[in-house]
Amino acid sequence: MDHTSDPGALRYVIDPRRLDLVEEFRASPLGVHSPELRKLLARMRWGKPEGRLVLIVLEPGKAWRLSRIPKRRGDPMPFVDDRVFTSLVEAEWHVFKLRWQEMTGTTLPSEMSGDL
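The sections below set out a description of the structure shown in this document.

What counts, and where the lines are drawn
- Residues numbered from 1 in each chain as written.
- Predicted model: local features only at pLDDT ≥ 70, side-chain atom pairs only at ≥ 80, totals over all residues.
- Heavy atoms only, no water.
- Helix = DSSP H or I, 4+ residues; strand = E, 2+ residues; numbered from the N terminus.
- Polar contact = N/O pair within 3.5 Å; in protein donor to acceptor, adjacent residues only side chain to side chain.
- 1 Å grid on protein atoms, 1.4 Å probe; cavity = no way out; pocket = protein on both sides within 12 Å on 5 of 7 lines; lining within 4 Å.
- Points joined across faces, edges and corners; volume = space filled by probe spheres on them.
- Expected span 1.5 Å × (residues − 1).
- Buried < 20%, exposed > 50% of the residue type's maximum accessible area, 1.4 Å probe, protein only.
- Contact = heavy atoms within 4.5 Å.
- Phe/Tyr/Trp six-rings, centres within 6.5 Å; stacked < 30°, edge-to-face > 60°.
- Lys NZ or Arg CZ within 6 Å of the ring centre and 35° of its normal.

**As for the side chain of serine 67**
Structurally, serine 67 can be placed in strand S2 (residues 63–68). Within the structure, the side chain of serine 67 is placed 2.7 Å from the backbone oxygen of proline 78, a separation counted as a polar contact.

Have a look at this one:
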């Protein structure tokens, strides 16, 4: 079962003390993850679409920008900031950190909060 078909994903409660899961993701943002990390990622990535952070591909395989899903379907996708990512790994890590802060109300320790 992957994160897209897990009916329990929306009920998963993110424990802000589980920095081991943060380290696991940070070590390999695009890698194969443990079942616990997959649950956390499913919770972060699914739910109400409005306002959800998404990466917009500017140039396939080369450039991405961060956006949020707008309130109404078909409305323009507003960019969150001016940053352009040239690495999907960096982009995924950046999104993870923002989602972590939004969903747990805590910031990551300084040794974990920087770029990769």
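**Here we look at empty space enclosed by the protein**
One way to see where empty space is left: roll a probe the size of a water molecule over the atoms. Taken as a whole and assessed by the stated rule, the structure comprises 1 cavity of 30 Å³ or more. Its volume calculated, the largest cavity comes out at about 40 Å³. Phe25, Leu41, Met44, Arg45, Glu92, Val95, Phe96 and Arg99 together form the lining of the largest cavity. At the level of secondary structure, the elements contributing two or more residues to the lining of the largest cavity comprise helix H2 (35–45) and helix H3 (88–104).

**Notes on H3**
With 17 residues, H3 should cover 24 Å at 1.5 Å per step; its first-to-last C-alpha distance of 24 Å lies within 8% of that length. Residues Glu90, Ala91, Glu92, Trp93, His94, Val95, Phe96, Lys97, Arg99, Trp100 and Thr104 constitute the buried set of H3. Close packing links the buried residues of H3 with helix H1 (19–27), H2, strand S1 (53–59), S2, strand S3 (79–85) and helix H4 (110–113). Taking the backbone nitrogen of valine 89 as reference, a side-chain oxygen 3.3 Å away marks serine 87 as the first, capping residue of H3. Glycine 105, located one to two residues past H3, shows a positive phi value of around 75°.

**A look at the packing of aromatic side chains**
Enumeration over the complete set of coordinates arrives at 4 aromatic pairs. Taking the centre distance of 6.4 Å and the plane angle of 25° together, the rings of phenylalanine 25 and tryptophan 93 count as stacked. Within this pair, whereas phenylalanine 25 is found in helix H1, its partner tryptophan 93 is found in helix H3, the two being separated by 68 residues in sequence. Grouping residues by exposure puts phenylalanine 25 and tryptophan 93 together as buried. Between tryptophan 93 and phenylalanine 96 the ring centres are 5.8 Å apart and the planes differ by 15°, which places this aromatic pair in the stacked class. On the criterion of helical spacing, the pair formed by tryptophan 93 and phenylalanine 96 is a turn pair, its members being 3 residues apart in helix H3. Both residues of the pair, tryptophan 93 and phenylalanine 96, belong to the buried class. Counting every residue linked through ring pairs, the aromatic cluster contains Phe25, Trp93, Phe96 and Trp100. Here the guanidinium or amino end of arginine 65 rests over the ring plane of phenylalanine 79, the centre of that ring lying 3.7 Å away.

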